[in-house]
Amino acid sequence: MSAAPATADTSAPPTATLVTNISHLVTNDPSLGAGPLGPIRDAAVVIEGDRITWIGEASRAPATDSHHDAGGRAAIPGFVDPHSHLLFAGDRTEEFNARMTGRPYTAGGIRTTVAATREADDERLAANLTRHLREMLRQGTTTVETKSGYGLTVEDEARALRVAAAQVEEVTYLGAHVVAPEFADDPAGYVELVTGPMLDACAPHARWIDVFCERGAFDGDQARAVLTAGRERGLVPRVHANQLGAGPGVRLAVELAAASADHCTHLTDEDVDALAQAANAPEPTVATLLPGCEFSTRAVYPDARRLLDAGATVALSTDCNPGSSFTSSMPFCVAVAVREMGMTPDEATWAATAGAAAALRRDDIGTLRVGARADLVLLDAPSHVHLAYRPGVPLVSDVWQSGRHVWSSGPR
C-alpha cells in the first residue's frame, strides 16, 4: 500500500520483535513446508526493521528485544490486492439498485463516476483514498495497486495519479478506461490524447499502464496502440480482458508481455492455452480474477479451475470500485473464489497473496521468508481455511505492514 496510520521513528535503530505461539503459519515458501503454502505449525517469526530476519518453529526461536504472543492464532502473509480503482468521488447506489432489479451491467456507467470525480478537489480524493486504504488494512491487505481512469482529461488523470502516488506504491495509468464524453464522436482522437499529451503528463507518476479492452470501451487495435505507447515510455502493461464477453484482451496481454490479464471471465480454449504458456514466459502474464465484480453484477464467474488445471498462474483481487465491485475485502473474495470458482482454500489463499504479488511482479511481498518484507496477518482462527469456511466473519486480528504493527482488533 501505502501510508500506514502511524509514522515510524527512524532515528533509533530497529528493534527485533518475535511473533510467537502461531498455531499454523502460511509462508508460501515451499522450502519451509509441504506444498506451495509452505506451512509451519507451532511457528514464530522475527521482524527487524521492515524485514523478516528469522522464521521457523517457535521452540527454536532466538531471543529478541520484544515479543508478541499470537495466542495460538494462524498467520498468513499480508494480502496483496493487484487491481483496484480507489481514485474516485461520488456514489452509484442507484445504478446498483437498478441492476439488482434486472438492468445489466455495461461499461458506460463509468461516465457517472467521471463526472463526480472531475468535480472533486484533491483533498476530497485523497481523503476517500485514505479511507479505503485503511478499510483494506483492517482486513489484512498490506499492498494495493490502484488506477486512474475517472478523470479522462490530461489534468484530471495526472492529478489522480499524483494523489495516488502519495499513498500507494503500485500506481497505474488508466486513461483508456472508456472514451471521454467530449470525444464520444471521435474515439480515434481520444486514443491520440491518451497516447500523447495525457501519457506525457501521467507517465512520471505511474509504474503501469492499463486499458479496458471490451465492447463499449476499446477494441483490440486501440488497446494495442495504448499499451505500446506506454511501454515506449517505460510503463508495464496490464489489461482489463474478456470481462463482458470473448475478445482479444487476453491474447493481447500475452502478446505484449503484460504482467496481468484481469477479469478473464469469458475465455476460449486458445485464451486458456495462451495464459498457461505465459505462466512460464520470461515476462509472465498472470490471470487475475475479480470475483467481487461477478458477485455485484450477477454475472457468470470465471472458471478458476480451468485455468489452474491448464497451468496458468492465478491471482485474486477485489476490483474495488464504485460501480461494479464496491468491496475492499480480500477475505470475501477468497470465500467467493472457493464457493463459486472451483478453487480450494489453499489455492485461493495463495492466489490472494503470492499469486497477487506475481501479478505485480513482486517477490518481496505475498510470502513470509527471511528477507521478505514483514507483512504479516494474524487470524482469529486455527488455520487459513477459515477464510472460506467462515465467510463474512471479521477474522483479521492483527496486521504488521513493513514491520510495523499497524492494526489490532482490540484487547484479547
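A brief structural summary. (Residues numbered from 1 in each chain as written. Predicted model: local features only at pLDDT ≥ 70, side-chain atom pairs only at ≥ 80, totals over all residues. Heavy atoms only, no water.)

1. Examining the pattern of salt bridges
Close approach of charged atoms lets side chains of opposite charge pair.
Thinking step 1. Within this structure, the stated rule accounts for 24 salt bridges.
Thinking step 2. Its salt-bridge partner being Asp380, residue Arg73 comes within 2.7 Å of it at the nearest N-O pair. Taken together, the positions of Arg73 in the loop between strand S4 (66-69) and strand S5 (74-77) and Asp380 in the loop between strand S15 (376-379) and helix H14 (386-389) put the pair 307 residues apart, joining distant regions of the chain.
Thinking step 3. Its relative accessible area of 37% is what places Asp380 among the partly exposed residues.
Thinking step 4. Taking the shortest distance from any N to any O, the salt bridge between Glu169 and Arg373 comes out at 3.0 Å. With Glu169 in the loop between helix H4 (154-165) and strand S8 (170-176) and Arg373 in the loop between helix H13 (345-359) and S15, this residue pair connects regions lying 204 residues apart in the sequence.
Thinking step 5. With relative accessibility at 34%, the residue Glu169 sits in the partly exposed group.
Thinking step 6. Residue classification places Arg373 among the buried residues on the basis of a relative accessible area of 7%.
Thinking step 7. Through salt bridges with shared partners, a single ionic network connects Glu169, Glu170, Arg207, Arg362, Asp364, Arg373 and Asp375. (Salt bridge = Lys/Arg side-chain N within 4 Å of Asp/Glu carboxyl O. Helix = DSSP H or I, 4+ residues; strand = E, 2+ residues; numbered from the N terminus. Buried < 20%, exposed > 50% of the residue type's maximum accessible area, 1.4 Å probe, protein only.)

2. Remarks on the environment of Asp375
Thinking step 1. Along the chain, Asp375 turns up in the loop between H13 and S15.
Thinking step 2. The buried category is assigned to Asp375, whose relative accessible area is 3%.
Thinking step 3. The sequence separation of Asp375 and Val399 amounts to 24 residues, and the corresponding C-alpha distance is 7.4 Å.
Thinking step 4. Discounting chain neighbours no more than four positions away, the residues touching Asp375 are Ile76, Pro77, Gly78, Thr142, Thr143, Ile365, Leu368, Trp400, Gln401 and Ser402.
Thinking step 5. Polar side-chain contacts of Asp375 include one of 2.7 Å to the backbone nitrogen of Ser402. (Contact = heavy atoms within 4.5 Å. Polar contact = N/O pair within 3.5 Å; in protein donor to acceptor, adjacent residues only side chain to side chain.)

3. Observations concerning the packing of helix H12 (residues 330-340) against H13
Thinking step 1. In the contact formed by H12 and H13, the axes pass within 9 Å of each other and the chain directions differ by 140°. Relative to H13, H12 is oriented oblique. As for the relative orientation of H12 and H13, their crossing is right-handed in sense. Taking contact as the criterion, the partners of Met330, Val334, Ala337 and Val338 in H12 are, on H13, Pro345, Ala348 and Ala352.
Thinking step 2. When grouped by side-chain class, the residues that make up the contact of H12 with H13 number 7 nonpolar, no polar and no charged. (Axes fitted to C-alpha atoms, helices over the stretch in contact; angles between N-to-C directions. Parallel < 35°, antiparallel > 145°, perpendicular 65-115°, else oblique. Left-handed = near helix turned anticlockwise from the far one by under 90°. Nonpolar A, V, L, I, M, F, W, Y, C, P; charged D, E, K, R; others polar.)

4. What about the packing of aromatic side chains?
Thinking step 1. Evaluated as defined, the whole model comprises 5 aromatic pairs.
Thinking step 2. With a centroid separation of 6.4 Å and 80° between ring planes, the pair formed by Phe88 and Tyr150 is classed as edge-to-face. Pair noted here: Phe88 is in the loop between strand S6 (79-81) and helix H1 (93-100) and Tyr150 is in the loop between strand S7 (141-147) and H4, with a separation of 62 residues, a long-range link.
Thinking step 3. Note on Phe88 and Phe326: the rings are 5.9 Å apart at their centroids and 75° apart in plane angle, and the pair reads as edge-to-face. Here Phe88 is found in the loop between S6 and H1, whereas its partner Phe326 is found in the loop between strand S14 (314-316) and H12, with 238 residues between them in sequence.
Thinking step 4. Here a set of aromatic residues connected by ring pairs shows up, and it is made of Phe88, Tyr150 and Phe326.
Thinking step 5. Residue placement shows Arg238 over the ring face of Trp208; its charged tip is 4.4 Å from the ring centre. (Phe/Tyr/Trp six-rings, centres within 6.5 Å; stacked < 30°, edge-to-face > 60°. Lys NZ or Arg CZ within 6 Å of the ring centre and 35° of its normal.)

5. Description of the pairing of strand S17 (residues 404-408)
Thinking step 1. As judged from the 4 bridges shared by strand S16 (residues 396-401) and S17, these two strands associate in the antiparallel manner. In the strand pairing of S17, Val399 is matched with Trp407.
Thinking step 2. The antiparallel pairing of S16 with S17 creates a hairpin that spans 2 residues between the two strands, and Ser402 there sits at a positive phi of about 50°. (Pairing = 2+ DSSP bridges.)

6. Points about unusual backbone geometry
Thinking step 1. In the Ramachandran plot, Cys264 falls in the positive-phi region, its phi being about 55° despite a non-glycine side chain.
Thinking step 2. Of note, Cys264 is situated in the loop between strand S12 (260-263) and helix H9 (269-278).
Thinking step 3. Owing to a relative accessible area of 1%, Cys264 belongs among the buried residues under this scheme.
Thinking step 4. Backbone geometry at Arg361 places phi at a positive 50°, although glycine is not the residue there.
Thinking step 5. Tracing the chain through its elements places Arg361 in the loop between H13 and S15.

7. A word on the nonpolar core
Thinking step 1. Core analysis: the biggest nonpolar cluster contains 90 residues, and Tyr173, Tyr190, Leu275, Leu307 and Leu316 have the highest contact counts within it.
Thinking step 2. Residues in contact with Tyr173, not counting those within four places in the same chain, are Ser148, Glu157, Leu161, Val194, Met198, Leu199, Cys202, Ala206, Trp208, Ile209, Asp210 and Leu235.
Thinking step 3. Counting 16 residues, the second-largest nonpolar core is a separate cluster that includes Leu25, Ile40, Ile52 and Leu368. (Core = buried A, V, L, I, M, F, W, Y, C linked by side-chain atoms within 4.5 Å.)

8. Here's the deal with the pairing of S16
Thinking step 1. S16 sits mainly inside the fold: 6 of its 6 residues count as buried.
Thinking step 2. In terms of strand pairing, S15 meets S16 through 4 bridges, oriented antiparallel. Paired with Leu379 across the bridge in S16 is Val396.

9. Quick notes on H4
Thinking step 1. With 12 residues, H4 ought to run about 16 Å at 1.5 Å a step, and its terminal C-alpha atoms sit 17 Å apart, in line with that.
Thinking step 2. Taken residue by residue, H4 has Asp156, Glu157, Ala158, Arg159, Ala160, Leu161, Val163 and Ala164 as its buried positions.
Thinking step 3. Buried residues along H4 sit in contact with helix H2 (110-119), helix H3 (122-138), S7, S8 and helix H6 (197-202). (Expected span 1.5 Å × (residues − 1).)

10. As for the environment of Asp81
Thinking step 1. In this fold, Asp81 is placed in strand S6.
Thinking step 2. Each C-alpha atom of the pair Asp81 and Thr353 lies 8.2 Å from the other, and the pair is 272 residues apart in sequence.
Thinking step 3. Residues contacting Asp81, with those up to four places away along its chain left out, are Met136, Thr141, Thr143, Val144, Glu145, Ser317, Thr318, Asp319 and Met330.

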